[in-house]
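One letter stands for each residue in the lines below.
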Number of protein chains: 2
Amino acid sequence: MRREQDLDHFFSPSSVAVVGATPNKAKGGYSIIANMLESFDGPVFPVNPGRDEILDNKCYPSVKDIPQAVELAIIFVPAAQVPTVLEDCAQAGVKAAVIESGGFAETGEEGRELQDRCAKIARAKGMRLWGPNCTGLVNTDPFIFTPFMRFPDLNQRLHKGNLGIIAQSGMLAAGFMIQYVLSGFFKVSKACAIGNKIDVDEVDVLRYLADDPSTEAVVAYLESIGDGQAFLDVAREMVAKKPLVILKGGRHEESARAALSHTASIAGSDKVVEGALRQAGVLRVEDFQDLMDLGKALSLSPRPFRLSSAEGNNIAIITVTGGGGVVTTDLARDDGLQVPPLEEKTLEQLRQVFPPWMAPANPVDIWPAVEQGGFEAFSAAIDAVVEDPRIDGVLLLTFSSRFVGQFPFEKMGERIKHAGKPLVSWVFGDARFFDVYRERMNAIGAPVYDNVRSSVMALAAYLHFSRIARADAAGSTAG
Amino acid sequence: MRREQDLDHFFSPSSVAVVGATPNKAKGGYSIIANMLESFDGPVFPVNPGRDEILDNKCYPSVKDIPQAVELAIIFVPAAQVPTVLEDCAQAGVKAAVIESGGFAETGEEGRELQDRCAKIARAKGMRLWGPNCTGLVNTDPFIFTPFMRFPDLNQRLHKGNLGIIAQSGMLAAGFMIQYVLSGFFKVSKACAIGNKIDVDEVDVLRYLADDPSTEAVVAYLESIGDGQAFLDVAREMVAKKPLVILKGGRHEESARAALSHTASIAGSDKVVEGALRQAGVLRVEDFQDLMDLGKALSLSPRPFRLSSAEGNNIAIITVTGGGGVVTTDLARDDGLQVPPLEEKTLEQLRQVFPPWMAPANPVDIWPAVEQGGFEAFSAAIDAVVEDPRIDGVLLLTFSSRFVGQFPFEKMGERIKHAGKPLVSWVFGDARFFDVYRERMNAIGAPVYDNVRSSVMALAAYLHFSRIARADAAGSTAG
């Protein structure tokens, strides 16, 4: 039996009970039932012994009283009541339960014992458990949204997407990611906040997302890795098929100690973790913002790009500010990228749009050409560099202003699509026009950031996963 | 004669001529005259041989025709006409000129010769020159705003401030900084975009800002340093009195080469630059965003804080998310900060607000205390850690939501003010409430960022400059 198929009970159940549902809008139990009624297509049963009806739906005193089969239970009641609820669920033939309540292992010995009792009840009946101490999960196809924070107009804010998110953490960091999911910053396939990992853990959800056809890339925030070998095996397998980015704290002795005291599990020697992740081809980042920024990039363009240089890490910088080109070259070198000289053929092509006094080079200082020939100089320059066999990707530094509509977005899009190479952009200038620029660029598959470092990081990530795909393809051919 | 006093001609002239003024709103010459008429308190004379009147002001064919004395000329005419304009200025007794036009040394040999001719004319008459190929300068006390970009409601957007900005660069990177100046992100005393540095250079403006009583901190974006020794002498002298942060590209061989081809001057061996800057106590950053973020922090709190530990680099992290504390500890260690254990007295104080099952530590995992006792737990925790003699500064990781008004901002402000220690915050969560949180925190002198890295960088900068001040004070005492 492939254990991971059990997770379908969580991501696409046929029916759901919400234990701890309430009409009191100040409570999490209200948010869950309201969110579920709004997002979920199948039957949703509120459970609360003190109510007859919640939001126009009949309310049941216990899961056992529900007259239909229930596949998934979402539980948000005080920790001490959870074992009883689980026994009811087990008796009613419930296949899986998301426990969102806190008050378990994260609160010390007593909570840990309670958690162990829950695990035992579920194990005896073959019921899978998710949590506790978490916001649960989101699936966008079919829709299911379990978090206990209420988001009005949920259906308008949830869109089918291709990015998988894993957030092992207490509620707050997971809540942060849910905010991103709903902000439209990227489009998500599945989001998993796995909490205390009483049963379903990072290996389970990673394996599930690796096999999930609607998930094309995964970003994960992990605090501890339980079974390191199993995790690395799944990670390696995934990276051969889709990008995986991980934020894992505990790189220094002090932070590893903090991780140890904060989570119940062992954080593991970071040097071992670091080496193993790198060998598996996983990209590791250092800040929550980095994880979200790479999620954006990989969601926009998850598939590997065509690398034309042997190294696969050579970029062209096209910039409206010479100084910006210098700063970007520094950050690119820090991230292991090269900014090589362009081919003579490419330089010749650039000379066509450059003023006669200006010698083209890499970084491509494009502003004099724009002053001379208008915004078409941008697509002309992209056209030139993407055909250069020394160049694997393009970084565009530009500005936003009321003239932002003049950028030749479609042409730029055709050029990079034809060449199969990635384009990432830093934008500065008049912030009122950032959104327009970002939307138009995203439409051609190019992520946009408001700082150089994130732009370089995104381009480096694209090339990193493209190199892995190339090596993998070469390995397959050789084999 | 102290050369830098000449710069008063630029920053607080008694009268100004705008050569190249035009009523054509599409032109930079319109923006300059409109901005100057709006921002400048003294007489402003438009100069343009083809017009009788511009914006209801009498227009003169040449500077020589202006019936009053002109102290400063702002010049925005085609490069080839600039020498003649300068000769007119010299004849009319003009003391200084800002040349904003491009088309000089940055365009090659011919432009360089033109630039040399301008320098010669000015030198012969003792007239100081600023630029060319730049946006000029901003002073907020008295107001003067020379850039050729038009910003309506300039007077509402310009506020007196304490941050000095230097941007040696072509127009675009300087334009980026002007946008920040006007956005209200920080409050500026003087902004200097020095362009090709035909005469006034980075050493001149740095020395001027070092002596300027309204400037309390300086951030500088430099592409090249002409006279390294002179620059370092001024920088060292400044850092003893006020913080100085520099972004200078060219850290890698490839970027140094790009810098060389982009600017006319020699970029210098970066290793020498790096070592000398560090020795002078200057803080060097890597991205434009970092420079702006530190500008914000130093503008809010330019003066040194009270360090209580011997190392002066020990921080307490107060966090609503345990995992956030771990990630932050990693980034803090990367930046040379320590996250030491707290004193027993501090732990005892924290136990008063912590639930019994939770043992306080550093990072201070505050969420269970907030759940138990409400938002007052934040000020209680700050109160405890700022009095700990092992702690020099505080990083607060928290979230924004519709309850953001419940934060005890005033109490937190009193605590840190009383202790004389810095507080910096990372905020995540519901972005609709970021602005409220940021404004309230800024009002108590605490900068707020939406990513951990910037928060850590700001706190590290505060402690860096406080250590220099302490060492300096100790040196003075010893001497």
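Residues numbered from 1 in each chain as written. Chains lettered and ligands numbered in written order. Predicted model: local features only at pLDDT ≥ 70, side-chain atom pairs only at ≥ 80, totals over all residues. Heavy atoms only, no water.

(A) A look at the overall build of chain A. On a plain count of helices and strands, chain A comes out with 18 helices and 19 strands. Once the C-alpha set of chain A is aligned to its principal axes, its extents read approximately 85 × 45 × 45 Å. Put simply, chain A has 479 residues, and 63% of those count as buried. Put simply, 75% of the contacts in chain A that link residues at least 6 apart link residues at least 24 apart. As presented, chain A carries roughly 18100 Å² of accessible surface, and 50% of it is formed by carbon and sulfur atoms. In chain A, 48 positive and 60 negative side-chain charges are present, and the distance between their average locations comes to 1 Å. (Helix = DSSP H or I, 4+ residues; strand = E, 2+ residues; numbered from the N terminus. Buried < 20%, exposed > 50% of the residue type's maximum accessible area, 1.4 Å probe, protein only. Contact = heavy atoms within 4.5 Å. Areas by Shrake-Rupley, 256 points an atom, 1.4 Å probe, with all protein chains shown as cover. Lys, Arg positive; Asp, Glu negative; His and termini not counted. Charge placed at Lys NZ, Arg CZ, Asp CG, Glu CD.)

(B) Fine view of the interface of chain B and chain A. With 52 residues of chain B in contact, the opposing surface of chain A contributes 52 residues. Counting each side, the surface lost to burial between chain B and chain A is near 4400 Å², with a carbon and sulfur contribution of 59%. Among the residues of chain B in contact with chain A, Leu172, Glu254 and Arg453 of chain B are the three that bury the most area, contributing 15% of the side total. Summed over the shared surface of chain B and chain A, the number is six salt bridges. The salt bridge involving arginine 251 of chain B is made with aspartate 334 of chain A; its shortest N-O contact spans 2.7 Å. (Buried area = accessible area lost by both parts, 1.4 Å probe. Salt bridge = Lys/Arg side-chain N within 4 Å of Asp/Glu carboxyl O.)

(C) The arrangement of helix α4 (residues 109-125) of chain B in detail. Residue and element names in this part refer to chain B. With 17 residues, α4 should reach 24 Å at 1.5 Å per residue; the first-to-last C-alpha distance of 25 Å fits that figure. For α4, the set of buried residues is Gly111, Leu114, Gln115, Cys118, Ala119, Ile121 and Ala122. For α4, the arc enclosing every buried residue in end-on projection is 160°, short of the 170-degree limit, so these residues lie on one face. Turned more than 90 degrees away from the buried face of α4, the exposed residues are Glu109, Glu110, Lys120, Arg123 and Ala124. Summarising the contacts, the buried residues of α4 are in contact with α3 (82-91) and β7 (128-130). Just past α4, the residue glycine 126 takes up positive phi, approximately 70°. (Expected span 1.5 Å × (residues − 1). Arc of directions from axis to C-beta.)

(D) Examining the sheet that holds strand β2 (residues 44-47) of chain A more closely. Residue and element names in this part refer to chain A. Read across the open sheet, the five strands follow the order β2-β1-β5-β6-β7; overall the sheet is parallel. Strand pairing shows two members of the sheet lacking a second neighbour, β2 and β7 (128-130), which therefore form its edges. For this sheet the average axis-to-axis angle between neighbouring strands, irrespective of direction, equals 20°. Bridge analysis of strand β1 (residues 16-19) against strand β5 (residues 72-75) gives four bridges, and the strand direction is parallel. For valine 18, the partnering residue across the bridge sits in β5 and is isoleucine 74. (Pairing = 2+ DSSP bridges. Axes fitted to C-alpha atoms, helices over the stretch in contact; angles between N-to-C directions.)

(E) Inspection of the sheet that holds strand β19 (residues 448-449) of chain A at higher detail. All names here are of chain A. An order of β16-β15-β17-β18-β19 is seen for the five strands of this open sheet, with the pairing classed as parallel. Every other strand in the sheet has two partners, leaving β16 (364-365) and β19 as the edge strands with one partner each. Pairing between strand β15 (residues 315-319) and strand β17 (residues 393-400): five bridges, direction parallel. Bridging across to β17, threonine 319 finds its partner in leucine 397.

(F) Quick look at the packing of aromatic side chains. The final tally for this structure, using the stated rule, is 48 aromatic pairs over all chains. Judged by centre distance (4.8 Å) and plane angle (10°), the rings of phenylalanine 11 of chain A and tyrosine 208 of chain A are stacked. Of this pair, phenylalanine 11 of chain A sits in helix α1 (residues 8-11) while tyrosine 208 of chain A sits in helix α7 (residues 202-211), and the two are 197 residues apart along the sequence. By relative accessible area, tyrosine 208 of chain A is classed as buried at 11%. Measuring from centroid to centroid gives 5.2 Å for phenylalanine 10 of chain B and tryptophan 130 of chain B, while their planes differ by 55°, and the two rings are tilted. Here the residue phenylalanine 10 of chain B occupies a position in helix α1 (residues 8-11), and tryptophan 130 of chain B occupies one in strand β7, the gap between them amounting to 120 residues. Classification of phenylalanine 10 of chain B by relative accessible area gives buried; the value is 0%. On the basis of relative accessible area, tryptophan 130 of chain B is assigned to the buried category, the value being 0%. Ring-pair connections join several aromatic residues into one group, and the members of that group are Phe176, Tyr180, Phe185, Phe186, Tyr221 and Phe288 of chain A together with Trp426 and Phe428 of chain B. One cation-aromatic arrangement involves lysine 58 of chain B over tyrosine 60 of chain B; the distance from NZ or CZ to the ring centre is 5.1 Å. For lysine 190 of chain B, the ring lying beneath its charged end belongs to phenylalanine 11 of chain B, and the centroid distance is 6.0 Å. (Phe/Tyr/Trp six-rings, centres within 6.5 Å; stacked < 30°, edge-to-face > 60°. Lys NZ or Arg CZ within 6 Å of the ring centre and 35° of its normal.)

(G) Summary view of the nonpolar core. Of all hydrophobic cores here, the largest spans 294 residues; its most connected members are Trp130 and Ile366 of chain A together with Trp130 and Ile366 of chain B. A per-element tally of this core places helix α18 (residues 452-478) of chain A first, with 11 residues. Leaving out residues up to four positions away in the same chain, isoleucine 366 of chain B has contacts with Ile318, Thr319, Val320, Phe354, Ala377, Phe378 and Ala381 of chain B. (Core = buried A, V, L, I, M, F, W, Y, C linked by side-chain atoms within 4.5 Å.)

(H) Just the side chain of lysine 197 of chain B, in detail. Residues and elements named next belong to chain B. Locating lysine 197 in the fold gives a position in the loop between β11 (188-193) and α7 (202-211). Note on lysine 197: relative accessible area 16%, which makes it buried. Those residues in contact with lysine 197 that lie beyond four places of it in its chain are Gly131, Gln168, Glu202, Ser224 and Gly226.

(I) Here's a closer look at the pairing of β2 of chain A. Residue and element names in this part refer to chain A. Alternating residues of β2 divide into Val44 and Pro46 and Phe45 and Val47, and every residue in both groups is buried. In terms of strand pairing, β1 meets β2 through four bridges, oriented parallel. Residue pairing for β2: valine 16 is matched across the bridge by valine 44. Read from β1 through helix α2 (residues 28-39) to β2, the crossover connection turns out right-handed. (Right-handed = clockwise from strand over helix to strand, strands pointing away.)

(J) Up close: α3 of chain B. Residue and element names in this part refer to chain B. For α3, a buried count of seven out of 10 residues is recorded, marking the element as mostly surrounded by other parts of the structure. Residues of α3 that are buried include every one of Val82, Pro83, Val85, Leu86, Asp88, Cys89 and Ala90, and no others. Packed against the buried residues of α3 are β1 (16-19), β5 (72-75), β6 (96-99), α4 and β7. Of the residues trailing α3, glycine 93 is marked for its positive phi of about 80°.

(K) A look at unusual backbone geometry. A cis amide bond, omega -10°, links glycine 131 of chain A with the succeeding residue proline 132 of chain A. With respect to the element layout, proline 132 of chain A can be found in the loop between β7 and β8 (136-140). Phi is positive for lysine 197 of chain B, which is not a glycine, with a value near 55°.

(L) Examining the packing of helix α15 (residues 376-386) of chain A against helix α16 (residues 409-419) of chain A more closely. Residues and elements named next belong to chain A. Axis separation between α15 and α16 bottoms out at 9 Å; the angle between their running directions is 5°. It follows that α15 is roughly parallel to α16 by the angle criterion. In this structure, α15 uses Glu376, Phe378, Ser379, Ile382, Asp383 and Val386 to contact α16, whose residues at the interface are Lys411, Met412, Arg415, Ile416 and Ala419. Here the contact of α15 with α16 is built from residues that sort into six nonpolar, one polar and four charged. (Parallel < 35°, antiparallel > 145°, perpendicular 65-115°, else oblique. Nonpolar A, V, L, I, M, F, W, Y, C, P; charged D, E, K, R; others polar.)

(M) Examining a negative patch on the surface more closely. All names here are of chain A. Together, Glu109, Glu110, Glu113 and Asp116 line one region of the surface with negative charge. Tracing the sequence through the fold places glutamate 109 in helix α4 (residues 109-125). Look at glutamate 109 and you get exposed, because its relative accessible area is 53%. (Patch = residues over 30% accessible without salt bridge, like charges linked within 9 Å, V, L, I, M, F, W, Y side chains within 5 Å.)

(N) How the structure looks around the relation of the copies chain B and chain A. With an RMSD of 0.0 Å, the fit of chain B onto chain A corresponds to turning through 180° and sliding 0.0 Å along the axis. Such a combination of turn and shift is consistent with a two-fold rotation axis. When C-alpha positions in chain B are compared against the rotation axis, the closest is assigned to arginine 453 of chain B, at 5.8 Å. In this assembly, 100% of the residues forming the interface of chain B have copies in chain A that are likewise at the interface, indicating an isologous arrangement. (Least-squares fit on C-alpha atoms with pLDDT ≥ 70 in both.)

(O) Seen up close, the packing of helix α13 (residues 344-351) of chain B against helix α15 (residues 376-386) of chain B. Residues and elements named next belong to chain B. At a closest axis distance of 9 Å, the pairing of α13 and α15 adopts a crossing angle of 170°. Regarding the angle of α13 to α15, the classification is roughly antiparallel. Counting all contacts with α13, which are made through Thr346, Gln349 and Leu350, the residues of α15 involved are Ala381, Asp383, Ala384 and Val385. Class assignment for the residues of the contact of α13 with α15 results in four nonpolar, two polar and one charged.

None of the figures reported here should be taken as evidence of function without further support.
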